[in-house]
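# Coordinates in review
Below are the chains, spelled out letter by letter.
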Amino acid sequence: MQRFANPTLFSKLGAAVLPWTAAAAVLLLAIGLVWGLVFSPADYQQGETVRIMYVHVPAAWMAMFIYTAMAVASAVAIIWRHPLADVAAKCSAPIGACFTFLALATGALWGKPMWGAWWVWDARLTSVFVLFLLYLGYIAIWQLIEQPQRAARIAAIVALVGFVNVPIVKFSVDWWNSLHQPASVFKMDGPAIDPSMLWPLLVMGAAYLFLYVTLLLISMRTEIVSRRIQSLELAAVRGQARGRVGPAAQSQRA
Amino acid sequence: MSVFAAIVMRDIRLALRQSGGAGTAIGFFLAVLVLMPLGVGPDLALLQRIAPGTLWIALLLSVLLSADRIFQADFEDGSLELMSLGLIPLELTALAKALAHWLTTALPLAVAAPALGVLLNLSPQLVLPLWAAMLAASLALSLLASVGAALTVGLRRGGIIISLLVLPLYIPVLIFGISASLGMPADGALFGASMLILVAITLACVVLCPVAAAAALRVHLK
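Description of the structure in this document. Given the structure is predicted, the values throughout are model-derived calculations rather than measurements.

## A look at the overall build of chain A
Counting its secondary structure elements, chain A contains seven helices and zero strands. Put simply, chain A runs from its N terminus to its C terminus through helices and strands in the order α-α-α-α-α-α-α. When burial is assessed residue by residue, chain A has 42% of its 254 residues classed as buried. A total of about 13,600 Å² of accessible surface is found on chain A, and carbon and sulfur atoms cover 70% of it.

In structure tokens:
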């Protein structure tokens, strides 16, 4: 892993991998959306509205997955001081916030016809909303602290503290009886959902995952480049300042 | 241990002698309780229904309001740096300061809240469960606030960001606090279960929050 700590190597690698992940994301999105929205059967209870599931459920998976990835990256950054781990965590946050928002918004759209309400304060909805706030807090920390090194450490602590919420989100539907249906895909005794619906759902999950990897690579490469520009500018400014001090001091002496 | 006690005593003394410390939180708490009936109207039945929730929210916000006080002054005048140099680990220093905040702000508010419920026509049956739940949770509130305070110490716009960082962590406390407060007369089992979770949250905070706060302080002290 330390071999990839070199940002230049990572950028090269990212450039090589990027077209493939992007192509996979587009392909899987196309297959998953058409399969889920057109060819999969309507639910015997929920009718056609069940199709929101193919957008909503994988987005909720990604919301939790990306926060977990952020927490792992933050732990790596704190323990091994891996320079790219901070970048990975920082660049994951906005993507994760978007997926969380997508899950919340599509959930509200689904809730209206099914439960008769856009929003109910049950455990799953509340904990996902908290997850959204945690993403915002994490992003705000990066915005607020000017020195990148300090911001990275503080943000990593925020990510790790906020991680306690992720298991709460995951198990909220099992711990509390609520309107939200209990877990039906990732269960100990296998998925309790018909293959005709499970497969397009999993394809969409894979599509979102590749979308995340693609966006993350783009964003990380951009971040690395912008940091390099920043340090070059800083060096240039320092050089200028030294250049200006030199002659001025000489003329004073003269 | 004596160093730990000395820090707690020092912070308590400072909080009591400084105007605008603990007093602000208590004043804010009272203001919310007085403004609430003016806002929703003097309907006693309605007030009785919203009294426990109002008291909880007032408690949460008051503790949050005074959160930046936990480390800010000591960070600015350099005493926090001295405390970080030795004698006791920074984790214990953070715990001591959170404890002092609890003793001077969260605990008095939690003790006073059910009594002030009179202003909101709080049902007498709810006074004891509310009291128990608030006493159990108030330490967790102070400890979580100390994490937020440590993360944002020395930042110019720290006050706003504390709320964004700490409020998500307060939500579980609020949920179980409310279910414990409302559970007792209606459902004893619900009260018991919610109280256990509240105490569990508090104990977990005692262990984890000082570690997180100390880690954050180390970054800022560097």
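## Describing the overall build of chain B
When its secondary structure is counted, chain B shows nine helices and zero strands. Taking the principal axes of the C-alpha coordinates as reference, chain B spans close to 55 × 35 × 30 Å. Among the 222 residues that make up chain B, the fraction classed as buried is 50%. In chain B, 82% of the contacts between residues at least 6 apart in sequence involve partners at least 24 apart. Taken as a whole, chain B presents about 9,600 Å² of accessible surface, with 74% of it coming from carbon and sulfur.

## Structural notes on the environment of A:Val50
Residues and elements named next belong to chain A. Tracing the backbone through its elements, the reader meets Val50 in the loop between helix H1 (7-39) and helix H2 (53-80). When the C-alpha positions of Val50 and Trp110 are compared, they lie 8.1 Å apart, and in sequence the two are 60 residues distant. Look past the residues within four positions of Val50 in its chain and what remains in contact with it is Pro41, Ala42, Asp43, Trp110 and Met197.

## Looking at the packing of helix H1 (residues 2-17) of chain B against helix H6 (residues 90-116) of chain B
All names here are of chain B. Where H1 contacts H6, the axes come no closer than 8 Å and their chain directions differ by 40°. Crossing of H1 over H6 shows right-handed handedness. Taken together, the residues of H6 that come into contact with H1 (itself represented by Phe4, Ile7, Val8, Arg10, Asp11, Ile12 and Ala15) are Leu92, Thr93, Leu95, Ala96, Lys97, Leu99, Ala100, Leu103 and Thr104. Among the residues making up the contact of H1 with H6, the classes are represented as eleven nonpolar, two polar and three charged.

Rules used throughout
- Residues numbered from 1 in each chain as written.
- Chains lettered and ligands numbered in written order.
- Predicted model: local features only at pLDDT ≥ 70, side-chain atom pairs only at ≥ 80, totals over all residues.
- Heavy atoms only, no water.
- Helix = DSSP H or I, 4+ residues; strand = E, 2+ residues; numbered from the N terminus.
- Buried < 20%, exposed > 50% of the residue type's maximum accessible area, 1.4 Å probe, protein only.
- Areas by Shrake-Rupley, 256 points an atom, 1.4 Å probe, with all protein chains shown as cover.
- Contact = heavy atoms within 4.5 Å.
- Axes fitted to C-alpha atoms, helices over the stretch in contact; angles between N-to-C directions.
- Left-handed = near helix turned anticlockwise from the far one by under 90°.
- Nonpolar A, V, L, I, M, F, W, Y, C, P; charged D, E, K, R; others polar.

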